[in-house]
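Overview (structure and organization)
Okay, here's what each chain looks like letter by letter:
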Amino acid sequence: MYKTNYILLVFLSGCLFWGCRKDAVLGAYPYGSDKEPLNVKLSTETLRPSISAPGTTVTLYGSGFAKYKKEELLVRFNGAPAEVLTVSDTRLDVKVPARASSGMITLTINKQVLAGPLQQISGPVAADASFKSFPGASGGVVFRIRFQDDGKYVIMGSFNDYDNSGEADGMNGMARLNPDGSVDRSFKSRRGFLGGRVLDALPLPDGRYLVAGSFSHYRNRFTGRVQNMITLNQDGTPDTVLVHYTGLAQVDTVPALGLGFDAPVTALHRQTDGKIVLTGDFRKVYRKTYGGVSADGKRDSVLIDTLRINYLARLNADLTIDTTYNFDPALPAGKPAVNGAISDSYLNSADQLMIAGSFTTFNGAAAVRLARVDTLGALDPTFNVGTGPDNTVSSIDQLPDGRVVAAGYFVNVAGKPVKKVALFSATGALDNNFDPGESTVGSLSHIRVLDNGKILISGFFDLFQGYKRSGAAILEPDGKLSATYNNFGGFQNGFIGASAPLAGRSSLVLVGAFTSFDLKPVSGIVKLNY
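Residues numbered from 1 in each chain as written. Predicted model: local features only at pLDDT ≥ 70, side-chain atom pairs only at ≥ 80, totals over all residues. Heavy atoms only, no water.

1. Points about the overall build of the protein chain
Along its length, the protein chain carries one helix and 48 strands. Each principal axis of the C-alpha atoms in the protein chain carries an extent, and together these give about 95 × 80 × 55 Å. A total of 530 residues make up the protein chain; the buried ones form 49% of that total. Taking all contacts inside the protein chain whose residues are at least 6 apart in sequence as the whole, residues at least 24 apart take part in 48%. Of the roughly 24500 Å² of accessible surface on the protein chain, a fraction of 53% belongs to carbon and sulfur atoms. (Helix = DSSP H or I, 4+ residues; strand = E, 2+ residues; numbered from the N terminus. Buried < 20%, exposed > 50% of the residue type's maximum accessible area, 1.4 Å probe, protein only. Contact = heavy atoms within 4.5 Å. Areas by Shrake-Rupley, 256 points an atom, 1.4 Å probe, with all protein chains shown as cover.)

Set out below in C-alpha cells:
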C-alpha cells in the first residue's frame, strides 16, 4: 500500500509540475500597471526659515515640476493638504494649510509620493526652549511628576540618572528639578531605588517626602524592611530612627516609616485635613514597631501587625493607618473595594476620590470603571455611570464645573458608541454634547484639562479624527480636534505617563518615555506653553 501511494504521489506531482510549465501564462499585475517614472526630484534640505506659520508661503525646491499642472501636484504638510500657488521647473510656492502640523512635507504625483523636508509649524502650542528637556531622564521611564510650591518639580520612575547629574551612582528612581528643568543637586537619591519603580512621591508639610511604588530597598539598604513605601528627608537621605537593643550596646538604624505593603502603591493624594489617600494593587498592610522582647529576653525585636486592606487605604497626618476608611472594625479588615485594577485617580475639592480603571464593582455594588468614593471610603451613590464604558478607563481629569473627562480603550459608553474619550456630568451621566467622532484606532493613556478649557489627550495613535497626530492631540471642549492648537508634531518612540500643570500659567510639563517632541530631541520630559 505504501509503495502504491508513493508512485501515485510522484505521478501527480509530475503532472502538476509539467502541466504548470507547459501552460504557464503571466496574468495581469493584480495591483495595477507599473507607473511611468516621474523624473521629478524633491529636495529634502531644511527650508529657510525652518519654522512656518499657517497661511504663509514656503518654497520647495527640486526639478521636473513644470511638466505638471498645479492641480496634478498634491503637497501635504504632515498629511494636511496645501494649496500650490506657483510652479516652475525647479520650485513650488506653497501656502501652509490652516491645519498644518510639524512633520514631513510630501509631494504626490500620479499616486506616487515623494518625501520632502521636515518642517516645524508655529502656533499656540510650543515646547519651552528654556526648559532643559535634554539630556533629561536616562536609563528608564518617568512615571510621574509633581509641582512643588517652591517652583521646583519632583519626578519619579525607573530611570537611573537625570540631566547627566555627575553623581557617582546617578539618580535612581527619583530626582528633584529646578524650575528650568535642570537637576537640583541638593537632592541626591544616588543608588536610590535601583531595580524598582517609584510611582509617586508626595512632599510633606515638614519637608520630607512620602515615596511609594514597587521597591524593596533604598540605596541598597533596608532590604526586607522597606516594602513599597518609605519616607525621605529633604536632601534625599533616608528618614531613619535608631533602635537600641535591650541589655546591649548595639544600635540599629531602621526606616522611620513603620508601614509596608504587599504589592505596589501607585498613587498618593493629600486631603485638606492632611490625611493621605493611597491607591494600589496591595491587599495587605504591615505595621512595624520596635520594642518587643526577643526569645532570649535580651534585645528588642520588630513586631509586625498585618491588616487586610484592599486597593484603597488612608493614612492619618502622622502617617499611621486610618482604620475608619473603607474598613470593617468587626473583622477587623478593609472592605472589598474594587474588583479590578485602578488605573487613575484624583481628589476633588470635597476630598472625594475619583477612581477609574478596569473594575466593575465597589464593595459589591455596581461601579463600572468609574466611581466616586466619599470621605469615609464608601461608594458615593450620587455618581453613577450606569452600564458605563465597555472597556478600561486609563486616565481621568476634572473640568472646573465638576464634569469628568475620561480616556481609555472603550468604544461604547452606556450602550452608546463613544470611542476612547468621553465626558460625564458631576452625577455620572454621559454628556452627549461631547462628541469625539471616529477618534482613533489606537489607545489613549493620559488626559489633562488645560487652563483654557481645551483637553490634551495622549496615547498610542498616529491619527485622530482623520488627522495626522503622533501620540498627542488637543481637543476643543466639545470633543472635536482643535483646528489651531495642533500645530505641534507630537511624540516619537514612546508615551506620556503623567503631567504637571502650572495653574494660571498656560503651561504644563509632560513626562514619560519618549525621545522627541515637535521634531526636537527630548528625553522623557518636555514643558509645553500654550
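2. A few points about the side chain of Ser-189
By the secondary structure assignment, Ser-189 is in the loop between β14 (174-177) and β15 (197-203). Among the residues examined, Ser-189 registers a relative accessible area of 0% and is labelled buried. Within the local environment of Ser-189, its side chain forms a polar contact with the backbone nitrogen of Asn-172, the two atoms lying 3.3 Å apart. Once you skip the residues sitting within four places of it in the chain, Ser-189 turns out to touch Met-171, Asn-172, Met-174, Tyr-218 and Arg-219. (Polar contact = N/O pair within 3.5 Å; in protein donor to acceptor, adjacent residues only side chain to side chain.)

3. Description of the confidence of the model for the protein chain
Here the protein chain shows a mean pLDDT of 92. Residues at 70 or above account for 91%. When the criterion is pLDDT under 50, residues 1-32 qualifies, and its contacts beyond four places in sequence or with other chains add up to two contacts. (pLDDT = per-residue confidence, 0-100.)

4. Digging into the packing of aromatic side chains
Throughout the structure, instances matching the rule amount to 11 aromatic pairs. Summarising the aromatic geometry, the rings of Phe-131 and Tyr-153 are spaced 6.1 Å apart at their centres and angled 90 degrees between planes, so their arrangement reads as edge-to-face. Of this pair, Phe-131 sits in the loop between β9 (126-127) and β10 (137-138) while Tyr-153 sits in strand β12 (residues 153-157), placing them 22 residues apart in sequence. Phe-131 sits in the buried class, given a relative accessible area of 5%. The class of Tyr-153 is buried, set by a relative accessible area of 1%. When the centroid spacing of 4.6 Å and the interplanar angle of 55 degrees are considered together, the rings of Phe-193 and Phe-215 count as tilted. Here Phe-193 is found in the loop between β14 and β15, whereas its partner Phe-215 is found in the loop between β16 (209-214) and β17 (229-232), with 22 residues between them in sequence. Both residues of the pair, Phe-193 and Phe-215, count as buried. Members of the aromatic cluster, joined through ring pairs, are Phe-488, Phe-491, Phe-514 and Phe-517. Looking at Arg-99, its charged tip hangs above the ring of Tyr-467, at a distance of 4.5 Å from the centre. (Phe/Tyr/Trp six-rings, centres within 6.5 Å; stacked < 30°, edge-to-face > 60°. Lys NZ or Arg CZ within 6 Å of the ring centre and 35° of its normal.)

5. Overview of the sheet that holds β17
What the three strands build is an open sheet, ordered β15-β16-β17; its pairing is antiparallel. Taken across any chain shown, the strands that pair with only one partner, and hence form the sheet edges, are β15 and β17. The sheet shows a mean angle of 25 degrees between the axes of neighbouring strands, direction not considered. (Pairing = 2+ DSSP bridges. Axes fitted to C-alpha atoms, helices over the stretch in contact; angles between N-to-C directions.)

6. Let's talk about the pattern of salt bridges
Side-chain pairs of opposite charge can arise whenever the charged atoms involved come near each other. In total, this model carries 22 salt bridges according to the counting rule given. In this structure, Arg-144 and Asp-200 form a salt bridge, with 3.7 Å as the shortest nitrogen-oxygen distance. Taken as a pair, Arg-144 in strand β11 (residues 142-147) and Asp-200 in strand β15 lie far apart in primary sequence, 56 residues in all. Of the charged contacts in the structure, one is a salt bridge between Lys-275 and Asp-322, with a shortest N-O distance of 3.2 Å. A residue pair is termed long-range when its members are at least 10 positions apart, and Lys-275 in the loop between β21 (265-270) and β22 (276-280) and Asp-322 in the loop between β25 (312-315) and β26 (327-328) qualify at 47 residues. Look at the salt bridges and you will find they share partners, linking Arg-144, Arg-146 and Asp-200 into a network. (Salt bridge = Lys/Arg side-chain N within 4 Å of Asp/Glu carboxyl O.)

7. Quick notes on the pairing of strand β34 (residues 404-408)
Burial of β34 is extensive: five of the five residues sit out of reach of the surface. What you see with β34 is no split at all: Val-404, Ala-406 and Gly-408 on one side and Val-405 and Ala-407 on the other are buried throughout. By the bridge criterion, five bridges tie strand β33 (residues 393-398) to β34 in an arrangement that is antiparallel. Bridged to Ile-396 within β34 is Ala-406. The loop that links β33 with its antiparallel partner β34 comprises five residues; one of these, Gly-402, has a positive phi angle of about 95 degrees. Relative to strand β37 (residues 421-424), β34 runs antiparallel, the two being bridged by four bridges. Counted as the bridge partner of Ala-406 is Ala-422 from β37.

8. Some thoughts on the side chain of Asn-486
Note that Asn-486 resides in the loop between β42 (472-475) and β43 (491-492). Its relative accessible area of 7% is what places Asn-486 among the buried residues.

9. Points about the environment of Asn-220
Position of Asn-220 among the secondary structure elements: in the loop between β16 and β17. For the pair Asn-220 and Leu-430, spaced 210 residues apart in the sequence, the C-alpha separation amounts to 49 Å. Here Asn-220 is in contact with Arg-191 and Gly-192, once residues within four sequence places are set aside.

10. Overview of the sheet that holds strand β38 (residues 443-449)
If you walk across this open sheet you meet the three strands as β38-β39-β42, and the pairing is antiparallel. Where the open sheet ends on each side, the last strands, each with one partner, are β38 and β42. Averaged over all pairs of adjacent strands, the angle between their axes in this sheet comes to 25 degrees, without regard to strand direction. Looking at chain direction, strand β39 (residues 455-460) and β42 are connected through four bridges and run antiparallel. Among the inter-strand pairings, Ile-455 is bridged to a residue of β42, identified as Leu-475.

11. Digging into the environment of Gly-207
With respect to the helices, strands and loops of the structure, Gly-207 is situated in the loop between β15 and β16. Note on Gly-207: relative accessible area 21%, which makes it partly exposed. C-alpha separation for the pair Gly-207 and Gly-340, spaced 133 residues apart in sequence, amounts to 34 Å. Among residues more than four places away in sequence, those in contact with Gly-207 are Asn-233 and Gln-234.

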